[in-house]
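What follows is the residue order along each chain.
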Amino acid sequence: MTENETPSPLRVPVILAHSRVVGLIGWPVEHSVSPPMHNAAFEALGLDWCYVPLPVRPRRLREAVEGVRALGLCGVNATVPHKQALLPLVDELTPAAETIGAVNTLIVEEDELLGHNTDAGGFMRALREAGFPPDGCTALVLGAGGAARAVVYALGGVAERVTVLNRTPRRAHDLVEDFQRRVPAHLAAGPLEGGVLSEAASEADLVVNATPVGMWPEEDASPWLEEVPFPPGAFCFDLIYNPRETRLMRTARTAGAGASNGLGMLVHQGAEAFERWTGREAPVKVMYAACEQVLERE
């Protein structure tokens, strides 16, 4: 888009008494482009649905989940910091959510809450779409929260080795313990500190940031320690998509490495949630276009 072009206005969905409602719970949610992404998809298919942001403080999560049921919502997505905390709050877990140990999608079925996880599949589709085939790779994952669990689960089925580093090493070790017998890849864990990061980075083909460090509005932050050179032969996949280029991605590109943000993962995990809720095939190209339009304005 040139500086003289005016972007087409975002269309605001008309919400009627019979409209079906889904949304996003997290803290914060102001940065999310999921609402315009899903609303564009609903409009493209002529569905009387709408998607709304629902900021939920961690201490109010239980009440919010009951509200999903009580208010007649059809479901919600969940983002930081609620993915693991949702596990005991649902009526049933899908095999994916139970194995990963995190929920990013709630589906309401006859007043029952089904917890599902679309992050692992969304991550793998986005990673391959970005041009990195993960089969047989040596991966380094930063973080040990809900998103990291999905990434390790996905990579654990195809990679040769996956190392998980976290500022709280106990969480990384717990994650690896949970998955070691469930995936064929060799898993290792450690603290996110200089010497350990340097050693793991020197062997990595793929570096995945599964932490929120560097996300809007803290764009100047990075999970990568400044004293450790980024491996030029590795590919950097940052799950963050706002900003579109994170400080970590700039570090990787400066070192000569390839890099991608998490927009593709957002779209593909959102597409699976869309299909679970509506029973219709998601218009992925429309969802990408809606996200790009929002991010261009920021």
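For the structure itself, look to the data block above.
Residues numbered from 1 in each chain as written. Predicted model: local features only at pLDDT ≥ 70, side-chain atom pairs only at ≥ 80, totals over all residues. Heavy atoms only, no water.

Considering the overall build of the protein
Item 1. Of regular secondary structure, the protein possesses 10 helices and 12 strands.
Item 2. For 298 residues, the compact-globule estimate of 2.2 N^0.38 gives 19 Å, and the protein sits close to it at 19 Å.
Item 3. Looking at the protein as a whole, 54% of its 298 residues qualify as buried.
Item 4. For the protein, the share of sequence-separated contacts (at least 6 apart) that also reach a separation of at least 24 residues comes to 68%. (Helix = DSSP H or I, 4+ residues; strand = E, 2+ residues; numbered from the N terminus. Rg over C-alpha atoms; globule rule 2.2 N^0.38 Å. Buried < 20%, exposed > 50% of the residue type's maximum accessible area, 1.4 Å probe, protein only. Contact = heavy atoms within 4.5 Å.)

A short note on helix H9 (residues 263-278)
Item 1. An ideal rise of 1.5 Å per residue puts 22 Å on 16 residues; H9 measures up with 22 Å between its terminal C-alpha atoms.
Item 2. For H9, the buried fraction is high: 13 of the 16 residues fall into the buried class. (Expected span 1.5 Å × (residues − 1).)

Things to note about the nonpolar core
Item 1. Counting residues in hydrophobic clusters, the biggest one holds 36 residues, and the most contacted among them are Phe123, Val141, Leu155, Val162, Leu206 and Phe237.
Item 2. With 7 residues, the single largest contributor to this core is helix H5 (residues 146-156).
Item 3. Other than its neighbours up to four places away in sequence, Phe123 contacts Val151, Ala154, Leu155, Val208, Phe237, Leu239 and Met265. (Core = buried A, V, L, I, M, F, W, Y, C linked by side-chain atoms within 4.5 Å.)

Things to note about helix H4 (residues 119-129)
Item 1. Among all positions of H4, only Asp119, Ala120, Gly122, Phe123, Met124, Ala126 and Leu127 are buried.
Item 2. At the exit of H4 stands Gly131, carrying a positive phi of roughly 100°.

Thoughts on the sheet that holds strand S4 (residues 92-93)
Item 1. The strand order across the open sheet built from 6 strands is S2-S1-S3-S5-S6-S4, with neighbouring strands paired in mixed fashion. The open sheet has two free edges, formed respectively by strand S2 (49-55) and S4, since each of these has just one partner strand.
Item 2. Pairing analysis gives 5 bridges linking strand S5 (residues 105-109) to strand S6 (residues 112-116), with the strands arranged antiparallel. Its bridge partner being in S6, Glu109 is matched across the sheet by Glu112.
Item 3. Across the sheet, helix H2 (residues 61-70) is in contact with strand S1 (20-26), strand S3 (75-78), S5 and S6; its angle to S6 comes to roughly 120°. (Pairing = 2+ DSSP bridges. Axes fitted to C-alpha atoms, helices over the stretch in contact; angles between N-to-C directions.)

Brief notes about the environment of Glu109
Item 1. With respect to the helices, strands and loops of the structure, Glu109 is situated in strand S5.
Item 2. Note: C-alpha distance between Glu109 and Thr168 (59 residues apart in sequence) is 37 Å.

Brief notes about unusual backbone geometry
Item 1. The residue after Trp216, namely Pro217, is reached through a cis peptide bond having omega 5°.
Item 2. One can find Pro217 in the loop between strand S10 (206-209) and strand S11 (235-238).
Item 3. Geometrically, the link from Asn242 to Pro243 is a cis peptide bond, its omega value of 15° lying close to zero.
Item 4. By the secondary structure assignment, Pro243 is in the loop between S11 and helix H8 (247-254).
Item 5. Not every positive phi belongs to a glycine, and Glu110 is a case in point at roughly 50°.
Item 6. By secondary structure assignment, the location of Glu110 is in the loop between S5 and S6.

Topic: the packing of aromatic side chains
Item 1. Inspection of every chain in the model, using the stated rule, returns 7 aromatic pairs.
Item 2. With a centroid separation of 5.6 Å and 35° between ring planes, the pair formed by Phe42 and Trp49 is classed as tilted. No difference in accessibility class separates Phe42 from Trp49, as the two residues are buried.
Item 3. Judged by centre distance (4.8 Å) and plane angle (50°), the ring pair of Trp224 and Phe230 falls under tilted. Taken as a pair, Trp224 and Phe230 share a single burial class, namely buried.
Item 4. Members of the aromatic cluster, joined through ring pairs, are Phe42, Trp49 and Phe274. (Phe/Tyr/Trp six-rings, centres within 6.5 Å; stacked < 30°, edge-to-face > 60°.)

Let's talk about the pattern of salt bridges
Item 1. Counted according to the given criterion, the structure contains 12 salt bridges.
Item 2. The partner of Asp178 in a salt bridge is Arg149, with the nearest N and O atoms 3.0 Å apart. Highlighted residues: Asp178 in helix H6 (residues 169-179) and Arg149 in helix H5, separated in sequence by 29 residues.
Item 3. A relative accessible area of 34% means that Asp178 is categorised as partly exposed.
Item 4. Between Arg170 and Asp174 there is a salt bridge, with its nearest N and O atoms 3.0 Å apart. Residue Arg170 and its partner Asp174 are located together in helix H6, separated by 4 residues, close to a single helical turn.
Item 5. Classification of Arg170 by relative accessible area gives partly exposed; the value is 47%.
Item 6. Residue class for Asp174 comes out partly exposed when judged on its relative accessible area of 34%.
Item 7. When salt bridges that share partners are traced, they join Glu66, Arg69 and Asp91 into one network. (Salt bridge = Lys/Arg side-chain N within 4 Å of Asp/Glu carboxyl O.)

Some thoughts on the pairing of S1
Item 1. Most of S1 is tucked away: 5 of the 7 residues are buried.
Item 2. Pairing between S1 and S2: 7 bridges, direction parallel. In the strand pairing of S2, Arg20 is matched with Trp49.
Item 3. Following the chain from S1 across helix H1 (residues 34-44) to the adjacent parallel S2, one finds a crossover that is right-handed.
Item 4. In this sheet, S3 lies alongside S1 in parallel orientation, the contact comprising 4 bridges. (Right-handed = clockwise from strand over helix to strand, strands pointing away.)

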